[in-house]
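Listed below are the residues making up each chain.
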Amino acid sequence: MTEPRIDVLFSTEAIAARIAGLAGEIRDAGFGERLLVVAVLKGGFVFAADLIRALHHAGVSPEVDFMSLSSYRAGTTSTGTITVLRDLETDVAGRQVLIVDDILESGRTLAWAKRLLGERGAARVGLAVLLDKPGHRAAEIEADFVGFTCPDLFVVGFGMDMGHAFRELPYIGHVVDPQ
Ligand code: IMP
Ligand code: MG
């Protein structure tokens, strides 16, 4: 297979600057007190890793936990059924929780996750996404903190994959004419 062409959409430097800005926004929104960052695997792990260090520089000391949710995209059609593949170890009751993920697109999975953590008694559940693709929303959800609004393109890098590849790219790239 020939390697697809990947054009840089958001550079390493632009992402770093934006994540630093997001950390300040999160602190200023009052998420600093006993904050639990919930990184959504797999796509959210690179963003979450940089965001928690930016939060440190912004004076916030979060706890971190991880959650892996089944993707309804596994089949050709959406069933709307979401299962927890890897659950949190942390009790979220009474906590300020910030869900951190790569992309908000249809929003089905993240709306479900937000509701779940609310039902478990979280005091407040916020959502931070690196990219917002607003054109395909199917659930009633908006992110509280958005890195960049993303054009309607297939993107990879910074944790995001195409067929399990390209998560390691230190920038966000657009796959030109994926085969
Ligand atoms: P949704 O908001 O539940 O529709 O799904 C968003 C998820 O779809 C993201 O967390 C990614 O895993 C995946 N996704 C959506 N668009 C892209 C893309 O352009 N590149 C890679 N993954 C994507
Ligand atoms: Mg995802």
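Residues numbered from 1 in each chain as written. Chains lettered and ligands numbered in written order. Predicted model: local features only at pLDDT ≥ 70, side-chain atom pairs only at ≥ 80, totals over all residues. Heavy atoms only, no water.

## A look at the pattern of salt bridges
The tally for this structure, following the rule as stated, stands at 11 salt bridges. The partner of R27 in a salt bridge is D28, and the shortest N-O contact between them spans 3.0 Å. The exposed category is assigned to D28, whose relative accessible area is 60%. With a shortest N-O distance of 2.8 Å, D50 and R53 are connected by a salt bridge. In this pair, D50 and R53 both sit in helix α2 (residues 45–57), 3 residues apart, roughly one turn of the helix. Through salt bridges with shared partners, one network takes in D65, R86 and E89. (Salt bridge = Lys/Arg side-chain N within 4 Å of Asp/Glu carboxyl O. Buried < 20%, exposed > 50% of the residue type's maximum accessible area, 1.4 Å probe, protein only. Helix = DSSP H or I, 4+ residues; strand = E, 2+ residues; numbered from the N terminus.)

## What about the environment of V40?
Position of V40 among the secondary structure elements: in strand β2 (residues 35–41). Here the alpha-carbon distance between V40 and D101, two residues 61 residues apart in the chain, equals 5.3 Å. Apart from the residues lying within four places of it in its own chain, the contact partners of V40 are F45, M67, I99, V100, D101 and L110. (Contact = heavy atoms within 4.5 Å.)

## Overview of the sheet that holds strand β1 (residues 5–10)
Strand order in the open sheet formed by 3 strands is β1-β9-β8, with antiparallel pairing between adjacent strands. Looking at strand neighbours, the two that pair on one side only are β1 and β8 (155–156), the edges of this open sheet. (Pairing = 2+ DSSP bridges.)

## Digging into the packing of aromatic side chains
Applying the stated criterion across every chain yields a total of 2 aromatic pairs. On the numbers, 4.2 Å between centres and 20° between planes, the contact of F10 with F148 is stacked. Taken together, the positions of F10 in strand β1 and F148 in strand β7 (residues 145–149) put the pair 138 residues apart, joining distant regions of the chain. As far as the burial class goes, F10 and F148 line up, both buried. Seen in terms of ring centroids, F31 and F145 are 5.8 Å apart; in terms of plane orientation they differ by 80°. Their pairing is edge-to-face. Of the two residues, F31 sits in the loop between α1 (12–28) and β2 while F145 sits in strand β7, which places them 114 residues apart along the sequence. Overall, F31 belongs to the buried group, its relative accessible area being 3%. (Phe/Tyr/Trp six-rings, centres within 6.5 Å; stacked < 30°, edge-to-face > 60°.)

## Some thoughts on the environment of G126
Mapped onto the fold, G126 is located in strand β6 (residues 124–132). By relative accessible area, G126 is classed as buried at 0%. Remark: the alpha-carbon pair of G126 and I99, spanning 27 residues in sequence, is separated by 6.1 Å. Non-local contacts of G126, meaning those with residues more than four positions away in its chain, are made with F31, V97, L98, I99 and D144.

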